[in-house]
Amino acid sequence: MDNDIKLIESLRSQLHRHNHNYYVLNAPEISDREYDTLLERLEQLEAEHPESYDPNSPTLRVGSDISEGFSQVDHIYPMLSLANTYSIDDVDEWFARIRDALYGQQFAIIGELKFDGTGISLVYEHGHLVRAVTRGDGTHGDDVTANARTIRSIPLELQGDDYPDFFEIRGEIVLPFANFEVINNERLAKGEAPFANPRNAAAGTLKLLNPAEVSRRNLDAYFYYLLGDNLPYDNHYDNMQAARRWGFKISGAMAKMSTLEEVDRFIAHWDSERKQLPVATDGLVFKVDSLRQQLNLGFTAKSPRWAVAYKFAAERVTTPLRFVSFDVGRSGTITPVANLEPVLLSGTMVKRASMHNADIMKALDIRHGDTLYVEKGGEIIPKITGVVLEARKAEAAPVEFVTNCPACGTQLTRRPGEAAWICPNHRGCFPQIVGRIEHFVGRRMMNIDGFGSETVAMLVRNGLINNAADLYSLSADMLRDLPGIADKSASRLIEGIVASRDVPFERVVFAISIPGVGETSAKKIARAAGDIDTLMAMDQASLCAIDDVGPGMAQAITDFFADDQNRAIVERLRLAGLSMQTQIADAPKGDALAGKTFVISGVFTRFSREQYKNMIEANGGKNVGSISKKTDYVLAGENMGPAKLEKAGKLGIAIIGEDDFLAMLPQAQAENP
Ligand code: IVH
């Protein structure tokens, strides 16, 4: 009983993290299938333990892809997801359920490809594209109309004359494999991290703030769902053929079927044929064709009963385990890694695969000399999914998780309720010291060029640096004679260090390696606190009040700042001249904007959207997502969407720029960033 509750909590926190990795960071660590398995287990446990109810449980929401920099729009019809199945048997069961629910009526099933990109909703009025919105949290999403307009396969004006005056069409934005490769090669050449897969690349591209760059990347779009009050036909198939005539890209793989045998044959066919397709697919979708029958079957809270997804099995190979090693992360987290006999899997050679933590490793029950199953699903990251038991030697001993740090020998510790074992020797453990400095200099943190992991390790080994603050005491003279550092690179390193003083406070908070605080949380924490002294003085309750910060993270933050050495490093960074406050720390507050409603649109140069939002609210104004008669001002940056511009014009709403806006605040003494 108690154990169940603990498991519920652990599953919730894991799922929250995976959600964030997937929707916000576009960097999933586990496959969709693994995610679904965790979610299902949680759903089951929550059903057994109603006393564990939590309105924030990951089972009670669909993930969100909403990001800053776009205005948000309500969906006319919620954007739901599909129930997933992983075997022909599951699809057959769904088919039988439909047959029973329709009480012997004739029915047709439409089979389609499940495109592995990012969902999009397009709205057309009188044959013109008026709006493109991402899925977001299913209820409202980001208005990405300007970017969608650059996608050539999205018709801006429709052909023919039999389309409804007003309708919505849903589809998937994808990045074809060929373009994916081009973009990743460009990124590698520029020293940027490549996208993990075409889905992340498509989602990331659609959220770029520069439509010209979106256009250059050659996204594509396939459509599969028409919604509206006056659709031309009473069935899905014919409506999709009509949409094709209007100019939409509708997959030719779509097929009408009426028996289970046909459904099974469709699955068998596409299970192998999909490998020839130019775009990524992660499964098939089956839908009841008749719209009347769809209506009768209806929806659950999360997905339609009249449709089901069949997910393709991940590619799987077997290979012998050489040994298990244990990586030490910058916060001391120990990660078990299976070192494998190199094996080719979906086009890449796999030598290592993370097993994440002791619990997962234990569940896999890996023994010395085992042969393992390795899988790669939609993700590029390989996973160990099991052991080939038939190949196990009778006397094979289990691989034990280490009890001491493999780098410094310190005994490992584990916090109650957490999966990770930690090396607590944060100050003395070499990979942790190097890892934190490497993180600090990283592109998304202080962006100090020239410090690869080799260089950082060498400087630590030579006793020149031991923490991030030491970087600011380095001089070109100290570096010049070190192995592998030429005259020129010594001064380049120093220039990079000096330039890092201009990095905004938000990134400083991310750079200092507070355990568990990622890029997005760091931003929110920095903006909520405003400056380092406030942040260091914040207690659990005020930290938990920040969006994104739970009790675990709040504890990690207070623990971090309770440590004298961390405080000393922060003080030295302050003395070195790093930004220790957000740039609008002294922006005016008052009621200058009382009763005024603003819509923010476009890209800004002086402050971020979030900062403008805060300024509006701090001065009594209201910030809303879309333009209406009640809007007083549109605060417009660059690249404001033309639809918005037109609407504001029509309604006679004042469109103001950043300078006009700042002039409305008392003395407008907000600093220039
Ligand atoms: S139908 C109400 N058809 O899969 C059902 N979705 O897991 C609407 N997807 O959010 C979705 N290919 O982004 C449908 N042929 C297809 C699809 C498809 C890909 C995506 C879509 C949806 C997700 C559901």
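Look above for the structure.
Draft legend 1. Layout of helix α2 (residues 32–48). Taking 1.5 Å of rise per residue, the 17 residues of α2 would be expected to cover 24 Å, and the 24 Å separating its terminal C-alpha atoms lies within 8% of that figure. Among the residues making up α2, those that are buried are D32, Y35, D36, L38, L39, L42, L45 and E46.

Draft legend 2. Representation of the sheet that holds strand β14 (residues 348–354) in the model. Strand order in this open sheet of five strands is β14-β13-β12-β15-β16, and the pairing throughout is antiparallel. Strands with a single pairing partner mark the edges of an open sheet, and in this sheet they are β14 and β16 (383–387). The sheet shows a mean angle of 45 degrees between the axes of neighbouring strands, taken without regard to direction. Where strand β15 (residues 371–376) meets β16, four bridges bridge the pair, whose relative direction is antiparallel. Bridging from a neighbouring strand, V374 pairs with I384 of β16.

Draft legend 3. Just the site of the ligand, in detail. Neighbouring the ligand are 14 residues; E112, L113, E172, Y224 and K287 lie closest to it. Here a nitrogen atom of the ligand sits 2.8 Å away from a polar atom, N or O, in the side chain of E112. Within the backbone of F115, an N or O atom sits 3.0 Å from a nitrogen atom of the ligand. Compared with its free state, where it exposes 530 Å², the ligand has 91% of that area covered by protein. Of all the secondary structure elements, the ones that give two or more residues to the shell around the ligand are β3 (109–115), β8 (220–227) and β10 (281–288). Looking at the shell around the ligand, the element that brings in the most residues is β3, giving four residues.

Draft legend 4. The side chain of R187, seen in detail. Mapped onto the elements, R187 comes out in helix α5 (residues 177–189). Excluding residues within four positions of it along the chain, R187 makes contact with E192, A193, P194, F195 and R217.

Draft legend 5. Expanded view of the sheet that holds strand β4 (residues 118–125). The strand order β5-β4-β7-β8 describes an open sheet built from four strands, whose pairing is antiparallel. Taken across any chain shown, the strands that pair with only one partner, and hence form the sheet edges, are β5 (128–134) and β8. Each strand of the sheet is rotated relative to its neighbour by a mean of 30 degrees, with strand direction disregarded. The sheet contact formed by strand β7 (residues 166–174) and β8 spans seven bridges and is antiparallel. Within β8, the position partnered with V174 by the bridge is D220. Across the face of the sheet, helix α6 (residues 198–206) comes into contact with β4, β5 and β7 while running at roughly 45 degrees to β4. Here helix α8 (residues 236–246) sits on the sheet in contact with β7 and β8, set at roughly 135 degrees to β8.

Draft legend 6. Focus on the packing of helix α3 (residues 88–101) against helix α9 (residues 260–273). Interaxial distance between α3 and α9 falls to 11 Å at its minimum, and their mutual angle equals 150 degrees. What the angle tells us is that α3 and α9 run roughly antiparallel. Once α3 is placed against α9, the crossing between them reads as right-handed. Only L260, V263, D264 and I267 of α9 make contact with α3, whose side of the interface consists of I88, V91, D92 and F95. A class-by-class count of the residues in the contact of α3 with α9 yields six nonpolar, no polar and two charged.

Draft legend 7. Region of the structure containing the environment of K351. Following the sequence through the fold, K351 ends up in strand β14. Taking relative accessible area as the criterion, K351 reaches 51% and is therefore assigned exposed. Leaving out residues up to four positions away in the same chain, K351 has contacts with A338, N339, L340 and P342.

Draft legend 8. The environment of R217, seen in detail. Residue position: R217 is located in the loop between α7 (211–216) and β8. Excluding its chain neighbours within four sequence positions, the residues that come into contact with R217 are L175, N179, I183, R187, F195, T205 and L208. Side chain to side chain, R217 and T205 meet in a polar contact 2.8 Å long.

Draft legend 9. How the structure looks around the side chain of H75. In this structure, H75 sits in the loop between β1 (72–74) and β2 (84–85). In this structure the side chain of H75 is engaged in a polar contact, spanning 3.1 Å, whose partner is the backbone oxygen of R135. The contact partners of H75, leaving out residues within four places of it in the chain, are S121, V133, T134, R135, G138, T139, H140 and G141.

Draft legend 10. Quick look at unusual backbone geometry. The phi dihedral of H126 falls on the positive side, at around 45 degrees, and the residue is not glycine. One can find H126 in the loop between β4 and β5.

The rules behind these values
Residues numbered from 1 in each chain as written. Predicted model: local features only at pLDDT ≥ 70, side-chain atom pairs only at ≥ 80, totals over all residues. Heavy atoms only, no water. Helix = DSSP H or I, 4+ residues; strand = E, 2+ residues; numbered from the N terminus. Expected span 1.5 Å × (residues − 1). Buried < 20%, exposed > 50% of the residue type's maximum accessible area, 1.4 Å probe, protein only. Pairing = 2+ DSSP bridges. Axes fitted to C-alpha atoms, helices over the stretch in contact; angles between N-to-C directions. Near = heavy atom within 4 Å. Polar contact = N/O pair within 3.5 Å; in protein donor to acceptor, adjacent residues only side chain to side chain. Areas by Shrake-Rupley, 256 points an atom, 1.4 Å probe, with all protein chains shown as cover. Contact = heavy atoms within 4.5 Å. Parallel < 35°, antiparallel > 145°, perpendicular 65-115°, else oblique. Left-handed = near helix turned anticlockwise from the far one by under 90°. Nonpolar A, V, L, I, M, F, W, Y, C, P; charged D, E, K, R; others polar.

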